[in-house]
Amino acid sequence: MNKRVVIVGASHAGAQLASSLRQEGWQGEILMIGEESFAPYQRPPLSKEYLRGEKNADELLIRPAEMYIRHGVELLPGRCVRTVDRTAKRVLMEDGESFDYHKLALCTGARVRQLEVPGADLPGVHYLRTLADVDAIRTRLVPGCRVVIVGGGYIGLESAAALRKCGVEVSVLEVQSRLLARVTAPQVSAFYQRIHAEAGVVIHTGWSVVAIEGEDRVTGVVGADGRRLPADMVIVGIGVIPNVELASQCGLKVDNGIWVDEFASTDDPDIYAAGDCTNHPNRLLGRRVRLESVPNAMEQAKLAAASICGRQQCYDAYPWFWSDQYDLKLQIAGLSEGYDRVILRGDADVGRSFVAWYLCGDKLLAADCINRPKEFMVAKQLLVGALPVSVERLADESLDPKLILKI
Ligand SMILES: Cc1cc2nc3c(=O)[nH]c(=O)nc-3n(C[C@H](O)[C@H](O)[C@H](O)COP(=O)(O)OP(=O)(O)OC[C@H]3O[C@@H](n4cnc5c(N)ncnc54)[C@H](O)[C@@H]3O)c2cc1C
């Protein structure tokens with residue numbers, strides 16, 4: 001057999017891995033297998049421009065279709081890998097076909113967490129992970145229809161913002177006492193609650209959904225306290241679960257993601273993994289993490305490609321994320337988990353631009369930068385350099401952001 005890399009999963013990580021393999025000089029075959037029936041496309045616009053109808057599916061493609069042909073990447077969309085035979089070094093497809101591999105890359109990503117309440121399978125209850133999911137939502141959207149979003153995290157809030165622009169009525173139900181509770185400080189939650197309320201989104205916090213009502217289609221949502229909200233459509237955004245079943249089935253180590261080292265290698269030297277499905281060490285953070293972000297999927301895929309080509313390169317990136325809602329660009333540097341105080345730069349109670357710096361002692365852990373690109377760059381530099389911070393400078397609005405770096 002000509003040497004072949006088989007990539008399972010054709011999304012951000014898979015597409016990056018395929019092109020990085022060629023950049024790294026891989027001369028053998030590359031076969032990329034993806035369950036969805038599209039060439040790899042960008043997921044972030046799904047809850048933003050694509051949901052608003054401002055981009056079409058072709059504009060979401062990560063690479064033009066010719067690129068795969070030009071680089072000799074054979075793409076098999078709409079096909080699912082069922083098992084991996086590590087002894088034979090072969091993947092077995094759901095339709096019975098099989099492909100041998102020299103090296104295997106698992107880029108299987110994540111799938112939505114399902115809402116497990118009576119009525120959750122009624123027509124009109126949607127999730128938002130794939131292009132097909134959004135197409136199904138969009139065909140049912142008519143001005144004035146009532147959409148209830150279950151989950152006040154980033155996906156739920158981005159969808160709420162997009163849907164308001166489409167002229168529909170939107171309510172957001174969040175089980176916690178505040179929006180974005182898992183990932184942001186109370187000041188940031190309060191800011192987004194205000195912004196969404198100003199845009200006409202009705203937000204209910206502390207609201208636990210116990211049932212979805214309807215005969216042939218959804219007509220409403222029932223809360224734990226018996227309250228009912230009428231709905232023509234329900235969109236559920238309550239998190240994702242990593243797709244680790246292939247890895248578990250073939251005996252690879254799995255623990256909140258496929259266990260890889262800093263070179264994106266699993267405990268089988270011929271199998272690599274990248275993206276949302278992995279649990280990997282991050283030296284800068286000093287611990288293992290499973291991240292759900294495009295930058296992570298791409299960086300890890302580059303490492304996996306380098307490792308496959310025999311050039312080991314360590315994963316040394318600080319996590320960063322973004323979220324777009326209305327005219328607000330939130331850029332997040334670092335992970336805020338474990339913070340003991342928050343310093344604000346700018347006023348979160350009025351206006352639409354400020355920074356929340358997350359500190360543990362004197363150490364900066366993360367920054368949420370809302371319409372503050374300069375501070376975002378500064379935050380990244382502070383984090384990567386593990387530079388000392390001055391609380392006065394972080395908070396001082398009159399100071400040029402670049403001078404925050406000068407102690
Ligand atoms: C609506 C939305 C908005 C987002 N917005 C942002 C954002 O603003 N910024 C950001 O950084 N991130 C954002 N994300 C997260 C980001 O999209 C993910 O982190 C990224 O897609 C991860 O890429 P991945 O390749 O690891 O996995 P995925 O994108 O999950 O792709 C994995 C692919 O593998 C396929 N697959 C799985 N198992 C098999 C199998 N056995 N056989 C064949 N194929 C298989 C799946 O069908 C899927 O197509 C958003 C996600 C969503 C859903």
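Higher on the page you've got the structure.
Reading the values: rules and limits
- Residues numbered from 1 in each chain as written.
- Predicted model: local features only at pLDDT ≥ 70, side-chain atom pairs only at ≥ 80, totals over all residues.
- Heavy atoms only, no water.
- Buried < 20%, exposed > 50% of the residue type's maximum accessible area, 1.4 Å probe, protein only.
- Helix = DSSP H or I, 4+ residues; strand = E, 2+ residues; numbered from the N terminus.
- Pairing = 2+ DSSP bridges.
- Axes fitted to C-alpha atoms, helices over the stretch in contact; angles between N-to-C directions.
- Contact = heavy atoms within 4.5 Å.
- Near = heavy atom within 4 Å.
- Polar contact = N/O pair within 3.5 Å; in protein donor to acceptor, adjacent residues only side chain to side chain.
- Areas by Shrake-Rupley, 256 points an atom, 1.4 Å probe, with all protein chains shown as cover.

Draft legend 1. Layout of the pairing of strand β22 (residues 320-325). Taking every second residue as pointing to the same face, the buried face of β22 carries Phe-321, Ser-323 and Gln-325, while none of Trp-320, Trp-322 and Asp-324 on the other face is buried. Pairing of β22 with strand β23 (residues 328-334), which is carried by 6 bridges, proceeds in the antiparallel orientation. Along β23, the bridge assignment pairs Phe-321 with Ile-332. From the end of β22 to the start of β23, which pair antiparallel, there are 2 residues, and Tyr-326 there has a positive phi angle of about 50°.

Draft legend 2. The sheet that holds strand β7 (residues 103-106), seen in detail. Pairing is parallel in the open sheet, where 5 strands are placed in the order β3-β2-β1-β7-β19. Both edges of this open sheet fall to β3 (73-77) and β19 (271-273), since each of them pairs with a single strand only. Along the sheet, successive strands turn relative to each other by an average axial angle of 20°, direction set aside. Lying on the sheet, helix α1 (residues 12-23) is in contact with β1 (4-8), β2 (29-34), β3 and β7; it crosses β2 at an angle near 175°. Its contacts with the sheet place helix α7 (residues 294-308) against β1, β7 and β19, and it is angled at close to 165° to β19.

Draft legend 3. Local environment of unusual backbone geometry. Look at Asn-256: it is not a glycine, yet its phi comes out positive at around 50°. Positive phi is not limited to glycine here, since Ala-386 has a value of about 50°. The topology assignment puts Ala-386 in the loop between α8 (373-384) and α9 (391-395).

Draft legend 4. Spatial organisation of the site of the ligand. What surrounds the ligand is a group of 34 residues, the closest being Ser-11, Glu-36, Arg-43, Lys-48 and Arg-129. Contact between the ligand and Ser-293: an oxygen atom at 3.0 Å from a main-chain N or O atom of the residue. In the environment of the ligand, an oxygen atom lies 3.0 Å from a nitrogen or oxygen atom belonging to the backbone of Val-294. Considering the ligand on its own, with 990 Å² of exposed area, one finds that the protein chains cover 94% of that surface. Counting residues per element, the ones that place at least two in the shell around the ligand are α1, β2 and α7.

Draft legend 5. Summary view of the pairing of strand β4 (residues 81-85). Judged from the 4 bridges that link them, β4 and strand β5 (residues 90-93) form a sheet pairing that is antiparallel. Among the inter-strand pairings, Val-81 is bridged to a residue of β5, identified as Met-93. Adjacent in sequence and paired antiparallel, β4 and β5 are bridged by 4 residues, among which Lys-89 carries a positive phi angle near 55°.

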